[in-house]
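In case you want the letters, here they are:
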Amino acid sequence: MASTITFIGAGNMAGAIIGGMIESGFSPDDVIATSPSDDVLAPLRERLGIRTETDNAAAVAESDVVVLAVKPQIMRQVCEQMRDAVQARRPLIVSVAAGLPAETLEAWLGGELPLVRCMPNTPALVGAGAAGLYANARVDADQRRLATELMEAVGLVEWVEDEALLDAVTAVSGSAPAYFFLMFEAMEEAGVTLGLPADTARRLAMQTALGAAKMALASDKPPAELKRNVMSPGGTTERAIAHLEDAELRRIMGEAMTACADRAAEMADELGQR
Ligand SMILES: NC(=O)c1ccc[n+]([C@@H]2O[C@H](COP(=O)([O-])OP(=O)(O)OC[C@H]3O[C@@H](n4cnc5c(N)ncnc54)[C@H](OP(=O)(O)O)[C@@H]3O)[C@@H](O)[C@H]2O)c1
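Residues numbered from 1 in each chain as written. Predicted model: local features only at pLDDT ≥ 70, side-chain atom pairs only at ≥ 80, totals over all residues. Heavy atoms only, no water.

## Describing the sheet that holds strand 2 (residues 31-34)
To keep things clear, this is the line we draw: Any two strands with at least two DSSP-identified bridges between them are counted as paired. Here a helix means four or more residues in a row that DSSP labels H or I, a strand means two or more in a row labelled E, and each is numbered from the N terminus. Only the stretch in contact is used when a helix axis is fitted, and all axes are lines through C-alpha atoms; the angle between N-to-C directions ranges over 0 to 180 degrees. Any two residues whose heavy atoms approach within 4.5 Å are treated as being in contact.
Reading across the sheet, the 8 strands line up as 3-2-1-4-5-6-7-8 and stay open at both edges, with mixed pairing between neighbours. Strands at the two margins of the open sheet, each flanked by one partner only, are strand 3 (51-53) and strand 8 (155-159). Put simply, the sheet's adjacent strands are angled 25° from each other on average, direction ignored. Sheet analysis places strand 6 (residues 115-119) next to strand 7 (residues 129-135), joined by 4 bridges and oriented antiparallel. In the strand pairing of strand 7, R117 is matched with Y134. On top of the sheet, helix 7 (residues 141-152) reaches strand 1 (5-8), strand 4 (65-68), strand 5 (92-95), strand 6, strand 7 and strand 8; it is set at about 145° to strand 8, its chief contact. Together, strand 6 and strand 7 form the strand contacts of helix 8 (residues 165-174), whose direction differs from that of strand 7 by roughly 175°.

## A look at the UniProt feature "domain: Pyrroline-5-carboxylate reductase catalytic N-terminal" (unreviewed entry) in the protein
To keep things clear, this is the line we draw: UniProt positions are given in the numbering used here, feature names are shortened, and annotations may be inferred rather than shown by experiment.
Taking the UniProt record as the reference, the feature "domain: Pyrroline-5-carboxylate reductase catalytic N-terminal" (unreviewed entry) is found at residues 4-99. Split by type, residues 4-99 is 47% helix and 20% strand. Its first and last C-alpha atoms lie 26 Å apart.

## Side note on unusual backbone geometry
The general pattern is negative phi for most residues beyond glycine and trans for most peptide bonds. Stated formally: Using a 1.4 Å probe on the protein chains alone, a residue whose accessible area is under 20% of its type maximum counts as buried, one over 50% counts as exposed, and one in between counts as partly exposed.
Backbone geometry at R90 places phi at a positive 50°, although glycine is not the residue there. Counting through the fold element by element, R90 comes out in the loop between helix 5 (83-89) and strand 5. In this structure R90 comes out as partly exposed when scored by relative accessible area, which is 41%. Residues other than glycine seldom take positive phi values, yet E248 does so here, at roughly 60°. With respect to the element layout, E248 can be found in the loop between helix 12 (236-246) and helix 13 (249-271). According to the relative accessible area criterion, E248 is partly exposed, its value standing at 39%.

## Overview of the packing of aromatic side chains
Condition: Each aromatic pair joins two rings of Phe, Tyr and Trp (for Trp, the six-membered one) with centres within 6.5 Å, and gets the label stacked for planes under 30 degrees apart, edge-to-face for over 60, and tilted for any other angle. For a lysine, the NZ atom is tested; for an arginine, the CZ atom; a charge sits over a ring if that atom is within 6 Å of the ring centre and within 35 degrees of the ring normal.
In the structure shown here, the tally under the stated rule is 1 aromatic pair. Between F181 and F184, the aromatic rings sit 6.2 Å apart at their centres with planes inclined by 55°, giving tilted as the arrangement. Of this pair, F181 and F184 both sit in helix 9 (residues 176-193), separated by 3 residues, roughly a single helical turn. F181 sits in the partly exposed class, given a relative accessible area of 47%. In this arrangement the basic side chain of R144 is found over the ring face of W159, its NZ or CZ atom lying 4.4 Å from the centre.

## Some words on the side chain of S95
Short version of the rule: Two N or O atoms form a polar contact when they lie within 3.5 Å of each other; inside protein one atom must be a possible hydrogen donor and the other a possible acceptor, and for residues adjacent in sequence the pair counts only when both atoms belong to side chains.
Inspection of the secondary structure assignment puts S95 in strand 5. By relative accessible area, which is 0% here, S95 ends up buried. A polar side-chain atom of S95 sits 3.2 Å from the main-chain amide nitrogen of A97. Beyond its immediate stretch of four places on either side in the chain, S95 contacts L68, M75, L105, V116, R117 and C118.

Written as structure tokens, this is what we have:
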């Protein structure tokens, strides 16, 4: 029998995952999205044909999987309001919230539950996401498969066996689209300084990033070798790369990503007080 999957919160991340699920063959009849406002739900209902509900507990009462997709700052209140329904039904919980530890979520939901924590990223909106997943000890093999299927509907899935590693996933993929967007800004600005129209520089930079990622994913060669293949001895790329290495880009990326992972751990302390 098909599982009923409810999304608590119908914002950016939930909308992206639901869209991918329907595209990859999940039946809209098996998907429920909730929000306090029907204005948020109506477009999802019309566009994707899914079921919607403004009462979280009512949706949970008929669900096999409950995806927590509200902002971390309001998660405690949302969980506590539906804890009785969750404990009565005991569905698989999947949380996409940044920072909030599995144990804290279980406590807010009234006690031990099978729970998967997921750190997705916004390219899920175009079906090109990358997500890290962690399962607590109460998640069985079928539930793990189902969580994988859900997130594979919008991109790549990698499981980690240590929950603390989700902070590293946040640094490597959750927050990382923003690093590349910053790089696009910088490349566009530099292209304009060199005389190109801004939109030409922007399109060239973005298409190059897409091509480089596709090429690296399709290749069995490490990025260092692909990089060397672009660098003719004494040529242009060698000069640019030498500049980036002299400016210690690797150290800067390492520090930025450590700051990101540290902040994820800090948020767990700030928001995860039981
Ligand atoms: N965006 C990212 O890059 C990213 C990446 C990884 C993980 N995440 C995680 O994904 C989660 C959702 O983020 P998002 O970007 O999708 O946020 P979002 O667009 O603001 O979506 C959250 C939705 O929850 C709704 N909501 C508020 N109170 C609710 C309640 N009591 N019951 C049901 N729904 C309620 C909000 O409605 P109103 O707007 O009407 O209040 C909003 O539509 C967060 O926990 C975040 O940490 C986000």
